[in-house]
Amino acid sequence: MRRDFNRLFRPRTIAVVGGGAWCRQVIQQLQKMGFSGDIWPVHPKATELCGLPVFASVEALPAAPDASFIGVNRYATVEVVAALSRSGAGGAVCFASGFLEAQKEASDAADLQQDLLQAAGDMPILGPNCYGFINYLDGALLWPDQHGGAQVAQGVAILTQSSNIAINLTMQARGLPIAYMITVGNQAQSDMAEIARGLLDDPRVTAIGLHIEGIRDLRAFEALAQEAAACGKPIVALKVGRSDQAQAATLSHTASLAGQEAGAAAFLRRCGIARVDDLPVFLETLKILHVLGPRRGSQVATISCSGGEASLAADLGQAQGVTFPPLSDGQHQALRAALGPMVALANPLDYHTYIWRDVPAMTQAFSAMVHPDLDLLMLIVDFPREDRCSAADWACAIEAAVATRMHTGAPLAMVATLPELMPEEIAHRLLAAGVVPLCGLREAMSATVAASQIASPSDVPALLPWPDLDGVSSDIPLVPEGIAKQRLAATGLRIPRSCRLSRVTLDETLAEATSQVGFPLVLKAEGLAHKSEAGAVRLALGSQEAVADAAWEMPGDQLLLEEMITGTVAELLIGVTRDPAHGFVLTLGAGGVLTELLEDSVSLLLPVSDTMLEAALDQLRITRLLDGYRSAPAADRPAVLRAVRAVERYVLAHSDTVEEIEINPLICTPSDAIAVDALLREKELTHD
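Calculation notes
Residues numbered from 1 in each chain as written. Predicted model: local features only at pLDDT ≥ 70, side-chain atom pairs only at ≥ 80, totals over all residues. Heavy atoms only, no water. Helix = DSSP H or I, 4+ residues; strand = E, 2+ residues; numbered from the N terminus. Buried < 20%, exposed > 50% of the residue type's maximum accessible area, 1.4 Å probe, protein only. Contact = heavy atoms within 4.5 Å. Areas by Shrake-Rupley, 256 points an atom, 1.4 Å probe, with all protein chains shown as cover. Lys, Arg positive; Asp, Glu negative; His and termini not counted. Charge placed at Lys NZ, Arg CZ, Asp CG, Glu CD. 1 Å grid on protein atoms, 1.4 Å probe; cavity = no way out; pocket = protein on both sides within 12 Å on 5 of 7 lines; lining within 4 Å. Points joined across faces, edges and corners; volume = space filled by probe spheres on them. Nonpolar A, V, L, I, M, F, W, Y, C, P; charged D, E, K, R; others polar. Pairing = 2+ DSSP bridges. Axes fitted to C-alpha atoms, helices over the stretch in contact; angles between N-to-C directions. Parallel < 35°, antiparallel > 145°, perpendicular 65-115°, else oblique. Left-handed = near helix turned anticlockwise from the far one by under 90°. Right-handed = clockwise from strand over helix to strand, strands pointing away. Polar contact = N/O pair within 3.5 Å; in protein donor to acceptor, adjacent residues only side chain to side chain. Salt bridge = Lys/Arg side-chain N within 4 Å of Asp/Glu carboxyl O. Expected span 1.5 Å × (residues − 1). pLDDT = per-residue confidence, 0-100.

S.K.: Provide a residue-level description of the overall build of the chain, including the pertinent values.
M.R.: When helices and strands are tallied, the chain shows 23 helices and 29 strands. In terms of principal-axis extent, the alpha carbons of the chain reach across some 95 × 80 × 40 Å. Here the chain holds 688 residues, and the buried ones make up 57% of them. Partitioning the intrachain contacts of the chain with sequence separation of at least 6 by distance along the chain shows that 71% fall at a separation of at least 24. Surface summary for the chain: the accessible area is close to 28000 Å², and the carbon and sulfur share equals 52%. The chain carries 51 positive and 79 negative side-chain charges, and their two centres are separated by 4 Å.

S.K.: Go over empty space enclosed by the protein, please, and point to the residues and values.
M.R.: Taken as a whole and judged by the stated rule, the model has one cavity of 30 Å³ or more. Empty space within the largest cavity amounts to approximately 40 Å³. Around the largest cavity sit Glu222, Gln226, Arg270, Cys271, Pro457, Ser458, Val460, Pro461 and Ala462, which together line it. Of the residues belonging to the lining of the largest cavity, the class tally is five nonpolar, two polar and two charged.

S.K.: Please set out the sheet that holds strand S12 (residues 205-212) residue by residue, giving values where relevant.
M.R.: The strand order S9-S8-S11-S10-S12-S13-S14 describes an open sheet built from seven strands, whose pairing is mixed. Two strands bound the open sheet, and with one partner strand each, they are strand S9 (140-142) and strand S14 (274-276). Going across the sheet, the axis of each strand differs from the next one's by a mean of 15 degrees, ignoring polarity. The pairing of strand S8 (residues 133-135) with S9 spans three bridges and is classified as antiparallel. Its bridge partner being in S9, Phe133 is matched across the sheet by Leu142. Sheet contacts for helix H5 (residues 163-170): S8, strand S10 (155-160), strand S11 (178-183) and S12; angle to S11, the most-contacted strand, approximately 165 degrees.

S.K.: Help me get a handle on the sheet that holds strand S22 (residues 537-541), residues and values and all.
M.R.: In any sheet, the strands associate via hydrogen bonds between backbone groups, in a parallel or an antiparallel arrangement. One open sheet holds the four strands; their spatial order is S20-S23-S21-S22, and the pairing between them is antiparallel. Edge positions in the sheet fall to strand S20 (498-502) and S22, since each of these pairs with one other strand and no more. Across the sheet, the axes of successive neighbouring strands diverge by a mean angle of 20 degrees, strand direction being ignored. Sheet topology note: the strand S21 (residues 521-525)/S22 ladder contains three bridges and is antiparallel. Paired with Leu521 across the bridge in S22 is Leu541. Docked against the sheet, helix H18 (residues 506-517) engages S20, S21 and strand S23 (558-563), running at close to 170 degrees with respect to S20. Of the strands in this sheet, S21, S22 and S23 touch helix H19 (residues 544-553), which is tilted by about 175 degrees from S22.

S.K.: Give a description of the packing of helix H11 (residues 307-320) against helix H16 (residues 441-451) that names residues and reports values.
M.R.: Contact pair H11 / H16: the axes reach a minimum separation of 9 Å and the direction vectors enclose 40 degrees. Classed by the angle they form, the pair H11 and H16 counts as oblique. Crossing handedness for the pair H11 and H16: right-handed. Of H16, the residues touching H11 (which contributes Glu309, Leu312, Ala313, Leu316, Gly317 and Gln320) are Leu441, Arg442, Met445, Ser446 and Val449. Tallied by class, residues from the contact of H11 with H16 come to six nonpolar, three polar and two charged.

S.K.: Now, about unusual backbone geometry: what can you tell me, with residues and values included?
M.R.: Cis geometry is found at the peptide bond from Phe519 to Pro520, where omega equals -5 degrees. Along the chain, Pro520 falls in the loop between H18 and S21. The omega torsion across Asn664 and Pro665 is 5 degrees, close enough to zero to call that bond cis. Here Pro665 is to be found in strand S27 (residues 658-668). For Ala540, which is not a glycine, the phi torsion comes out positive at approximately 55 degrees. Among the secondary structure elements, Ala540 is positioned in strand S22.

S.K.: Any details on the pairing of strand S5 (residues 67-70)? Residues and values, ideally.
M.R.: Side chains of S5 alternate between two faces, with Ala67 and Phe69 and Ser68 and Ile70 buried alike. The pairing of strand S1 (residues 13-17) with S5 spans four bridges and is classified as parallel. Paired with Ile14 across the bridge in S5 is Ala67. Regarding topology, helix H3 (residues 74-87) serves as the crossover connection from S5 to the parallel strand S6 (residues 92-94), and that connection is right-handed.

S.K.: Give me the lowdown on the side chain of Gln187, citing residues and values where you can.
M.R.: Within the secondary structure, Gln187 is located in the loop between S11 and helix H6 (192-197). Exposure remark for Gln187: the relative accessible area of 3% places this residue in the buried category. One polar contact links the side chain of Gln187 to the main-chain amide nitrogen of Met192, over a distance of 2.6 Å.

S.K.: Can you lay out the environment of Ile355 for me, pointing to particular residues and giving the numbers?
M.R.: Residue placement: Ile355 occurs in the loop between strand S16 (349-350) and helix H13 (359-368). Given the relative accessible area of 9%, Ile355 is considered buried. Along the primary structure Ile355 and Ala540 are separated by 185 residues, whereas in three dimensions their C-alpha atoms are 73 Å apart. Apart from the residues within four sequence positions on either side, Ile355 is in contact with Ala338, Leu339, Ala361, Met362 and Ala365.

S.K.: A description of the pattern of salt bridges should follow, citing residues and the corresponding values.
M.R.: On inspection of all chains with the given rule, the structure shows 37 salt bridges. Linking Glu443 and Arg442 is a salt bridge whose minimum nitrogen-to-oxygen distance equals 4.0 Å. Close ionic contact of Arg681 with Glu660 constitutes a salt bridge, the shortest N to O distance being 3.2 Å. Placement of Arg681 in strand S29 (residues 678-682) and of Glu660 in strand S27 is noted, with a sequence separation of 21 residues between them. Look at Arg681 and you get partly exposed, because its relative accessible area is 22%. Connected through shared salt-bridge partners, Arg10, Asp138, Asp201, Asp202 and Arg204 make up one network.

S.K.: I'd love a proper account of helix H23 (residues 637-653), names of residues and values included.
M.R.: The terminal C-alpha atoms of H23 lie 25 Å apart, and with 17 residues this matches the ideal 24 Å at 1.5 Å per residue to within 8%. Across the 17 residues of H23, twelve count as buried, placing the element largely inside the fold. Those residues of H23 that sit buried are Arg637, Ala639, Val640, Leu641, Ala643, Val644, Arg645, Ala646, Val647, Glu648, Tyr650 and Val651.

S.K.: Account for the environment of Glu662, naming residues and giving values.
M.R.: Within the secondary structure, Glu662 is located in strand S27. Assessed through its relative accessible area of 30%, Glu662 is described here as partly exposed. Sequence separation of Glu662 and Leu680 is 18 residues, and the distance between their C-alpha atoms is 6.6 Å. Dropping the residues within four chain positions of it, Glu662 is found in contact with Leu573, Ile574, Gly575, Asp677, Ala678 and Leu679.

S.K.: Can you explain the confidence of the model for the chain? Please cite residues and give values.
M.R.: Taken as a whole, the chain shows an average pLDDT of 90; of its residues, 94% reach a score of 70 or greater. Low pLDDT, under 50, characterises residues 245-259; the stretch is placed with 42 contacts to residues that sit more than four places away or in other chains.

Below you can see the structure in the form of structure tokens.
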């Protein structure tokens, strides 16, 4: 069922249930915002609250409220929600904590949350354990604290699981117009993605920003991504949980599962959602998306009146993944005409100060930098402190930027190298003219790259993982390598010829085994995940005597004898891990001894398309070896792709049992790709 959030987020009547300081603050913020609808305080004993008459109960209200703020204890919250739902109310914000997020401290927390859901029925609720929302478009809010925003005609919608971060974001002085600020708490009923979908049909919302602690419903996020792409509204996410400490904090805060970092990143990429790492870049990316929309790429030109700024831009841009295309012949000619012979022409460009204060000349120079292949033209300008200096001498830069945008229509940003050197009043002036005011040069470069990551979401849903009932999967057994390889070979994975041996019967079986496999040979001890470190693998054995000697030096009794693969072009890793929060993560990377040394890998979520696989291989640094480095033979790339597909087929067929697969290395030769080492963990399987 898809819930309707229209009445909740765009209310004409608001009930505030409770009489404490938080509820008073909600009413005061509504009055301060100039809310034009009716405000109905509800309290069993009070007669007046903030100058408004009080109703004794929900049942005593003149009509079912569109939106309600419930500021009572957790037990009374359940009762009030039930009363509102029975009355036909439009939705409610549940401020109280002590539900599922507190299950470690409160034994009845989970049961109480279930009671809350039953009480709500079809009525939308936010939270519990959240502040609510602010609608800056219509001047409506259910918000029990201060905030720093103001009404706007259009802007971005921001959703977060953290009420405190929501407050901080409303205090930003970067000029970003915020249409909605919504906190979701522990998402007992309404998932963040479902709430965001409810905002897509508001034409005044230009882009959506998500501060995500944990993704609870993969299918809901996929649906959000599809609908957002269909209506042309880009999404940027700040996903926390990279560190163990962040994951622990997330669990204690909102009862969310932060999940594995690689899985989260792969899932957001699959959804076509841009990913950023901090709040400043989050806000600057939203600003670019609000004014210009997604960028095709990250080709940038900068123009400044300082060589130091030009050099800084070049270094920061390179570090963040920005490219600076060389000036075209047309740009050279136009810039020479605008700047004369005294300026060295390049991108980034230092245009000196010869034309400062000459608005027509500055406009001509700025316009000369415009090129149809550029994703963003950055004008680097730092404004002086208004409390100590006059900014009058900088008006020429604003006028020239606005004129350039008006005359060329080019994607244009004015960037302050330091965030505090872009005054909010100037940022608003630039926004009104269609020029993006970016605060901080590093942030500007990162935001430009992020804005280029917006993509069409995959049409194929991610493969859902089997759930972790107890949150622990470390006891999933390791399948003996010989058996693991046979199982994977059944789905098409190429493996070496092999024979399993036991030291108990080694004398009777060794001759037949070596004859069957053929020299040179590799001998391994089964049952170990890291064989090299344990002395459990011996290579290039050329005789039965060498095999026998090696066998008695091996740890364990169960051995695997294999043909030794030669003609190696490159070694790859193919890994799949079950991420309970995001699906099955496929990792492709440099294999063998290079795995830890190079840390060269790309992660995707299964299932994958041919385009995804090809793009992933192309991202690897080791792909140069696959393609034939310095006239060396190239690997059989189709064979590599077949190996990946074989592993994928196995996971798809056993998605209810697979925990982990690792092929390392996959030996890539000019004519084949062979899995010489395989690790497989599966639950509830009988081992042969």
